[in-house]
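Coordinate analysis (summary)
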Amino acid sequence: MFMLVARRLALAPLTLLLVSFVCFVVLRVTGNPVDIYLDINRTPEQVAALTERLHLDKPLIVQYLIYLRDVAQGNFGDSLQYGGPAIDAVATAIVPTIKLLLVALSLAVVLGVVGGFVAAVYRDRLPDFALSSLAVTGQSMPSFWLGILLIQFFALKLQWLPTSGSGDWRHIILPAITLATILLPNFLLVTRSAMIDVMNEQFIVTARAKGLSNLRILVRHLFPNALNPILSFLGIQVGTLIAGSVITESIFAWPGLGRLIVSAVFHRDAPVVLAAIFFTSLTIVFASLIVDILQGIVDPRIRR
Amino acid sequence: MIKLFRDNPKLCIGGGFVALIVIVAIFADFIAPYDPYKQNLIRRLKPPAWMSGGSSANLLGTDNYGRDLLSRLIYGSRISLMVGFASMCLSCMIGLLAGVFAGYRGGRTEQVIMRLADAHMALPDVLLAILFVAAFGGGVFNLVLVLGVSRWMIYARVIFGLTRSVKQRPFVEAASAYGAGDLYIILRHIIPQLIPVLTVLATLQVAQMILQETALSFLGLGVPPPAATWGNILAEGRDRLFVAPWIANSAGVAIILLVLAINLFGNGLREYFDPRSTRLPPDLSAKTGRLKLAVKQLQKLVGGDGKAPARQAE
């Protein structure tokens, strides 16, 4: 177990390096910062000063190493759109995103696990058929259209909830539902198949034969064993969830990291893009690490 | 044919609907009632025929410039299908090469390729796509390129696991004992074993790619307007939600129908290949027996429907 975590931790910096290198190269190759930072009336002195400050005269790889050195010191550069340090823009945006992610994730996990469980118990009967069909339809649903439908119905027609923006708790409901729907169907289907797998195991038959109560079988035998595939699926889907938050935030004008990245990319605000993607990748790496550790706790067989 | 339908309705319904949309896309020139780019400002924002104020001249209504929505949807299917299919082919090719290479060679090759795949997992595909499209511009070609590159590791992971298990089977050992070269073994003995799983995975990925393409178009990073793509229509519709909700909804319905059909077709294929759906003829079941593990792995990745284990127990 310790080795597993240690190996994952050792790989994390490598992952972040790769991700930041790709982003850095793409951003530098395609846009000359001189054209972006300075307007048409620039003087040669200004150009020279900027080239000096950003080390643009040096080879790309050297520029990247200098960037890394700065990042190691906590300096992600200054934002072009906002003027202040890029890290500040990211720090303000990360809180709403985490809020949204947590609400959506709990929604998806709770409903998905309960739904999958119900479908497994009533396997091949009406509740299973209804839930599974709903889940497959949900898998095919473009999340941005779902968001638009929700706005049409709850915000425009019923006028119960605000169309977009952020503020009190009512603003988070529609974005969270939209985001949760990206994961919910998959969760339901994975839980269902994991539960059915475990139900066919010998030890469940034994437990039944011993006369254990249904509740005890569920809590002590069924659930712990089904939890592992669900967790490993969760680990894979963290990235999907974050990718989904980019789109959800754009639909609902949620002031989070995803919207920041989209607007920074449009404005060619390279420092903000790099910093934001850095933290996104960091989140994903750590989330899958936590999932790995949880798996080790749930299933002793993995603790190699 | 009837027997196949009875045994596997998902495969037939999904496949039939996909075929229908493909035909519509191919013959768009003959089917579409209007030119999808022809503006008619007098007839702008007309609702669909079944709503009050709509007319049968524009069955699904018109958009902000008076363009016929039905025609735009019909032409839009071309881009969705093309981008979805082409990017699937690209990522399938990269993933297959990487996965087979890593699984067959093992050792350091495996470490490098699979760690690269892990690292790629930490960069959400949408972010990569946004970055690339913003840098190199939209358009069909760039979209195919970036969507193809952003999903290779899904194939690589599945193919890697499969290759490793196939490699240990006796017929591969036998071939290598006969002095067959690596390339020959891979092409003749390993890749044929991967085809069923690859087919299912690729089919389901086409659906994902189409969703991704429409999502990027929706963010304004797809094929640039005025191109008639489903994502563009949806994005235009978002700005007119108050006055003309049918614009966004018609594109939404088109997307969900196509993706649902592809997903059904993919799930049908999975059941068709899966030995544990007992309705298959016995010879085919034996032939596909090796897929058990692979299908499980696949379900983990793409979210299985889990029908199979249930049947096994019965």
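Nothing here was measured: the structure is a model prediction, and the numbers come from that model.

Check the secondary structure of chain B and you find 15 helices and 0 strands. For chain B, with 314 residues in total, the buried portion stands at 56%. Counted over contacts in chain B with a minimum sequence separation of 6, partners at least 24 positions apart contribute 71%. When the accessible area of chain B is evaluated, it comes to approximately 13,700 Å², of which 66% is carbon and sulfur surface.

A few words on the interface of chain A and chain B. Where interface size is given, it is often the accessible area lost as the parts come together that is meant. The interface is formed by 53 residues belonging to chain A together with 52 residues belonging to chain B. Interface of chain A and chain B: buried area, both sides summed, is about 4,500 Å²; carbon and sulfur atoms make up 75% of it. Among the residues of chain A in contact with chain B, A:Ser140, A:Phe144 and A:Trp145 are the three that bury the most area, contributing 13% of the side total. For the interface between chain A and chain B, the tally reads 0 salt bridges.

Right, let's get into the pattern of salt bridges. All names here are of chain B. All told, the structure shown has 8 salt bridges over all chains when counted by the stated rule. Note that Asp 29 is salt-bridged to Arg 78, the shortest N-O span being 3.7 Å. Here Arg 78 lies in helix α4 (residues 69-105) and Asp 29 lies in helix α3 (residues 28-31), a separation of 49 residues in the sequence. Salt-bridge contacts for Asp 125 lead to Arg 151; the nearest nitrogen and oxygen are separated by 2.9 Å. Placement of Asp 125 in helix α6 (residues 125-136) and of Arg 151 in the loop between α7 (140-150) and α8 (152-167) is noted, with a sequence separation of 26 residues between them. Arg 151 shares its class with Asp 125; the two are buried. Through salt bridges with shared partners, a single network forms among Arg 67, Arg 72 and Glu 236.

Before going further, it helps to examine unusual backbone geometry. Residue and element names in this part refer to chain A. The backbone phi angle of Asp 124 is positive, close to 60 degrees, even though this residue is not glycine. Its relative accessible area of 45% is what places Asp 124 among the partly exposed residues. Phi at Ala 253 takes a positive value of approximately 50 degrees, unusual for a residue other than glycine. Assignment of secondary structure puts Ala 253 in the loop between α10 (214-252) and α11 (257-266).

Applying the stated rule across the entire model yields 10 aromatic pairs over all chains. Summarising the aromatic geometry, the rings of A:Phe24 and A:Tyr67 are spaced 5.3 Å apart at their centres and angled 35 degrees between planes, so their arrangement reads as tilted. One end of the pair, A:Phe24, is in helix α1 (residues 2-30); the other, A:Tyr67, is in helix α4 (residues 60-72), with 43 residues separating them in the sequence. The exposure class assigned to A:Phe24 is buried, which follows from its relative accessible area of 3%. Residue classification places A:Tyr67 among the buried residues on the basis of a relative accessible area of 13%. Measuring from ring centre to ring centre gives 5.8 Å for A:Phe187 and A:Phe233, while their planes differ by 90 degrees; the resulting arrangement is edge-to-face. Linking A:Phe187 in helix α8 (residues 170-199) with A:Phe233 in helix α10, this pair joins segments that are 46 residues apart in sequence. Owing to a relative accessible area of 1%, A:Phe187 belongs among the buried residues under this scheme. Within the aromatic cluster, the residues linked to one another by ring pairs are A:Phe21, A:Phe24, A:Tyr64 and A:Tyr67. Of note, B:Lys167 hangs over the ring of B:Tyr104, and the distance from its end group to the ring centre comes to 5.4 Å.

What counts, and at which threshold
Residues numbered from 1 in each chain as written. Chains lettered and ligands numbered in written order. Predicted model: local features only at pLDDT ≥ 70, side-chain atom pairs only at ≥ 80, totals over all residues. Heavy atoms only, no water. Helix = DSSP H or I, 4+ residues; strand = E, 2+ residues; numbered from the N terminus. Buried < 20%, exposed > 50% of the residue type's maximum accessible area, 1.4 Å probe, protein only. Contact = heavy atoms within 4.5 Å. Areas by Shrake-Rupley, 256 points an atom, 1.4 Å probe, with all protein chains shown as cover. Buried area = accessible area lost by both parts, 1.4 Å probe. Salt bridge = Lys/Arg side-chain N within 4 Å of Asp/Glu carboxyl O. Phe/Tyr/Trp six-rings, centres within 6.5 Å; stacked < 30°, edge-to-face > 60°. Lys NZ or Arg CZ within 6 Å of the ring centre and 35° of its normal.

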